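Chain residues, written in single-letter form:
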Amino acid sequence: STPLQTLFPYTTLFRSGANTFYTIVLASRVTRTNGEAYARNLKEAGLDKAEVIERSNGAKVIYGRFTTQEEAKRCLAELRAAASAFREGWVMEVR
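## Some details on the overall build of the protein
Then step 1. Scanning the protein from terminus to terminus reveals 3 helices and 4 strands.
Then step 2. The secondary structure elements of the protein, listed N-terminal to C-terminal, are α-β-α-β-β-α-β.
Then step 3. When the 95 residues of the protein are sorted by exposure, 35% land in the buried category.

## Let's talk about the nonpolar core
Generally speaking, a soluble globular protein has its nonpolar side chains buried in company with each other.
Then step 1. Among the nonpolar cores identified, the biggest contains 18 residues, and Ile-24, Leu-42, Tyr-63 and Leu-79 are the most heavily contacted of them.
Then step 2. The contacts of Ile-24, once residues within four sequence positions are left out, are Val-61, Ile-62, Tyr-63, Gly-64, Phe-66, Ala-72, Cys-75, Leu-76, Leu-79 and Trp-90.
Then step 3. With 6 residues, the next largest nonpolar core counts Val-25, Ile-53, Ile-62 and Val-94 among its residues.

## Thoughts on the pairing of strand S1 (residues 21–30)
Then step 1. Here S1 lies mainly inside the structure; 7 of its 10 residues are buried.
Then step 2. As paired strands, S1 and strand S4 (residues 90–94) are joined by 5 bridges and run antiparallel to one another. Bridged to Ile-24 within S4 is Val-91.

## With respect to the environment of Val-61
Then step 1. Relative to the helices and strands, Val-61 is located in strand S3 (residues 58–66).
Then step 2. Of the residues examined, Val-61 reaches a relative accessible area of 1% and is grouped as buried.

## Side note on the side chain of Lys-60
Then step 1. Tracing the chain through its elements places Lys-60 in strand S3.
Then step 2. Filtering out sequence-adjacent residues up to four positions away, Lys-60 remains in contact with Val-25, Ala-27, Ser-28, Glu-51, Val-52, Ile-53, Arg-55 and Met-92.

## Looking at the sheet that holds strand S2 (residues 50–55)
Then step 1. Strand order in the open sheet made by the 4 strands is S2-S3-S1-S4, with antiparallel pairing throughout. Of all the strands in the sheet, the pair left with one neighbour each is S2 and S4. Each strand of the sheet is rotated relative to its neighbour by a mean of 50°, with strand direction disregarded.
Then step 2. Bridging between S1 and S3 involves 6 bridges; their strand directions are antiparallel. Residue Val-30 lies in a different strand from S3, and its bridge partner there is Ala-59.
Then step 3. Contacting S1, S2 and S3, helix H2 (residues 32–44) crosses the sheet at an angle of about 160° to S2.

## Side note on helix H3 (residues 69–82)
Think of an α-helix as 3.6 residues a turn; residues three or four steps apart then line up on the same face.
Then step 1. In a regular helix each residue adds 1.5 Å, so 14 residues correspond to 20 Å; H3 covers 20 Å between its end C-alpha atoms and thus fits that length.
Then step 2. Those residues of H3 not exposed but buried are Glu-71, Ala-72, Cys-75, Leu-76 and Leu-79. Buried residues in H3, looked at end-on, bunch into an arc of 130°, giving them a common side. The exposed set on the far side of H3, more than 90 degrees from its buried face, consists of Glu-70 and Ala-81.

Thresholds, definitions, all that
- Residues numbered from 1 in each chain as written.
- Predicted model: local features only at pLDDT ≥ 70, side-chain atom pairs only at ≥ 80, totals over all residues.
- Heavy atoms only, no water.
- Helix = DSSP H or I, 4+ residues; strand = E, 2+ residues; numbered from the N terminus.
- Buried < 20%, exposed > 50% of the residue type's maximum accessible area, 1.4 Å probe, protein only.
- Core = buried A, V, L, I, M, F, W, Y, C linked by side-chain atoms within 4.5 Å.
- Contact = heavy atoms within 4.5 Å.
- Pairing = 2+ DSSP bridges.
- Axes fitted to C-alpha atoms, helices over the stretch in contact; angles between N-to-C directions.
- Expected span 1.5 Å × (residues − 1).
- Arc of directions from axis to C-beta.

Given below as structure tokens:
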């Protein structure tokens, strides 16, 4: 089997100092503890850009920080094609 990091080699990160980026939300309204456990599992599976961010309505597990919405959508489409677990993910703008 091909490691997931090989399937998703996205390296585009938001520019230092940029206020806005796009990301893929994989879980929302979770506790920080549960979010960190999920992000850790994703990283162990090769999705090394998984992380937890705090929002006003709870923690979210996100994947990647993209400069454009199109890049995030392209990555999400590939995640969905690779595993049904990502079917409920969506792209979010973070300011």
